[in-house]
Amino acid sequence: MVRIALGCSASAALHKGADLSSKLTQSGHEVRVVLTARAAELISPQLFEALTSQPAHVAEFGAARKGAMDHIQLSQWAEMWLLAPAGADLIAKLAHGMADDLLTTAILATPLSVPRLLAPAMNPHMLGHPATKRNLDLLEGDGWRILGSGDGHMACGVHGAGRLLEPAEILARVAAELQR
Ligand SMILES: Cc1cc2nc3c(=O)[nH]c(=O)nc-3n(C[C@H](O)[C@H](O)[C@H](O)COP(=O)(O)O)c2cc1C
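Residues numbered from 1 in each chain as written. Predicted model: local features only at pLDDT ≥ 70, side-chain atom pairs only at ≥ 80, totals over all residues. Heavy atoms only, no water.

Colleague: Which parts of the structure should I look at to understand the packing of aromatic side chains?
Modeller: A ring pair, where both rings are aromatic, is described by two values, the distance of the centres and the angle of the planes. The full count for this structure, using the stated rule, is zero aromatic pairs. One Lys or Arg, Arg 32, reaches over the ring of Trp 77 and ends 4.9 Å from the middle of that ring. Sitting over the ring of Trp 144, Arg 116 keeps its end group 5.7 Å from the ring centre. (Phe/Tyr/Trp six-rings, centres within 6.5 Å; stacked < 30°, edge-to-face > 60°. Lys NZ or Arg CZ within 6 Å of the ring centre and 35° of its normal.)

So this is what it looks like as structure tokens:
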């Protein structure tokens, strides 16, 4: 059982992120959720706190800031990073080493020995765009394990690739990663 930092970006699949945080917790992991500020506009951090019995983190600056150096504390706490849902914007930022909020800064500050998994969630055109493909390749080269995505109906009304994997599938991939 490990300490998992679960990062979620703004996505129509955030309900699956909430379910995942619950399933990981029920599996015995200690789970701390880090939402992007936009994700926190779509879903309440309080829900994640209730599901994980841990503080959920959002902003690095401004009134919502909790600790003096949350990003460093998180980077030292995490034994695994799991991003689900990971949207196109978050993937692009990480691929280019950007660190302009708590989530991206904490990830950049985490030792490379810590395993990092990422489950994309986005519209099929966003996923198939050469820029996103390039960014995913860059992240894979940096050691990220890209979990892939499912096919089917998207919240935006189209069919195709880019659906966030089901929480049970992500849970299984986390278990497999921990046995490596
Ligand atoms: C309701 C809603 C759902 C969205 N779902 C997604 C999504 O699943 N994947 C994605 O890449 N962008 C999605 N977006 C667009 C992102 O919110 C946008 O790219 C934003 O800049 C992401 O910010 P963040 O990376 O800081 O969370 C969605 C936007 C809205 C309003």
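Colleague: What am I meant to see in the pairing of strand 4 (residues 116-120) here?
Modeller: On a regular strand, one side chain projects to one face of the sheet and the next to the other, so that they alternate. Counting buried residues along strand 4, five of its five residues qualify, which places the element largely inside the surrounding structure. Of the two faces of strand 4, both are covered, the one formed by Arg 116, Leu 118 and Pro 120 as well as the one formed by Leu 117 and Ala 119. As judged from the four bridges shared by strand 3 (residues 80-86) and strand 4, these two strands associate in the parallel manner. Directly across from Trp 81, in strand 4, lies its bridge partner Arg 116. Bridging between strand 4 and strand 5 (residues 145-146) involves two bridges; their strand directions are parallel. Note on strand 5: the bridge partner recorded for Leu 118 is Ile 146. (Buried < 20%, exposed > 50% of the residue type's maximum accessible area, 1.4 Å probe, protein only. Helix = DSSP H or I, 4+ residues; strand = E, 2+ residues; numbered from the N terminus. Pairing = 2+ DSSP bridges.)

Colleague: I would appreciate a short explanation of the sheet that holds strand 2 (residues 30-35) in the present structure.
Modeller: Note on sheets: strands pair through backbone hydrogen bonds, and any given pair is parallel or antiparallel. The strand order 2-1-3-4-5 describes an open sheet built from five strands, whose pairing is parallel. Edge positions in the sheet fall to strand 2 and strand 5, since each of these pairs with one other strand and no more. Helix-sheet contacts for helix 9 (residues 167-178) involve strand 1 (3-8), strand 3, strand 4 and strand 5, and the interaxial angle to strand 3 is about 160°. (Contact = heavy atoms within 4.5 Å. Axes fitted to C-alpha atoms, helices over the stretch in contact; angles between N-to-C directions.)

Colleague: Mind showing me how you'd approach the pattern of salt bridges here?
Modeller: When the charged atoms of two side chains lie near each other, side chains of opposite charge can form a pair. Evaluated as defined, the whole model comprises nine salt bridges. Residues Lys 16 and Glu 166 are paired through a salt bridge, measuring 3.1 Å at the closest nitrogen-oxygen approach. Within this pair, whereas Lys 16 is found in helix 1 (residues 14-26), its partner Glu 166 is found in the loop between strand 7 (159-163) and helix 9, the two being separated by 150 residues in sequence. According to the relative accessible area criterion, Lys 16 is buried, its value standing at 10%. (Salt bridge = Lys/Arg side-chain N within 4 Å of Asp/Glu carboxyl O.)

Colleague: Just to check I follow, could you spell out helix 1 for this structure?
Modeller: For an α-helix the count is 3.6 residues per turn, leaving residues at separations of three or four pointing the same way. When the terminal C-alpha atoms of helix 1 are compared, their 18 Å separation across 13 residues agrees well with the 18 Å that a helix rising 1.5 Å per residue should span. Taken as a whole, helix 1 has its buried residues at Leu 14, Lys 16, Gly 17, Ala 18, Leu 20, Ser 21, Ser 22 and Leu 24. Among the residues trailing helix 1, Gly 28 stands out with phi positive, at a value near 105°. (Expected span 1.5 Å × (residues − 1).)

Colleague: Explain the nonpolar core here, please?
Modeller: Across soluble globular proteins, you tend to see nonpolar side chains buried next to one another. In this structure, Leu 6, Val 33, Leu 35, Phe 48, Leu 82, Ile 170 and Val 174 are the most contacted members of the largest nonpolar core, which totals 29 residues. At the level of elements, strand 1, helix 1, strand 2, strand 3, strand 4 and helix 9 are the ones that each hand at least two residues to this core. In terms of residue count, helix 1 provides more of this core than any other element does, four residues in total. The residues contacting Leu 82, other than those within four sequence positions of it, are Ile 4, Ala 5, Leu 6, Gly 7, Leu 20, Leu 24, Leu 117, Leu 147, Ile 170 and Val 174. Ile 91, Leu 103, Ile 107 and Leu 127 belong to the second-largest nonpolar core, a separate cluster that totals 24 residues. (Core = buried A, V, L, I, M, F, W, Y, C linked by side-chain atoms within 4.5 Å.)

Colleague: Got a minute to help me understand the side chain of Thr 104 in this structure?
Modeller: Along the polypeptide, Thr 104 turns up in helix 6 (residues 102-108). Looking at Thr 104, the relative accessible area reads 1%, which means it is buried. Separated by 3.2 Å, the side chain of Thr 104 and the backbone nitrogen of Asp 100 make a polar contact. For Thr 104, the side chain forms a polar contact with the side chain of Asp 101, separated by 2.5 Å. (Polar contact = N/O pair within 3.5 Å; in protein donor to acceptor, adjacent residues only side chain to side chain.)

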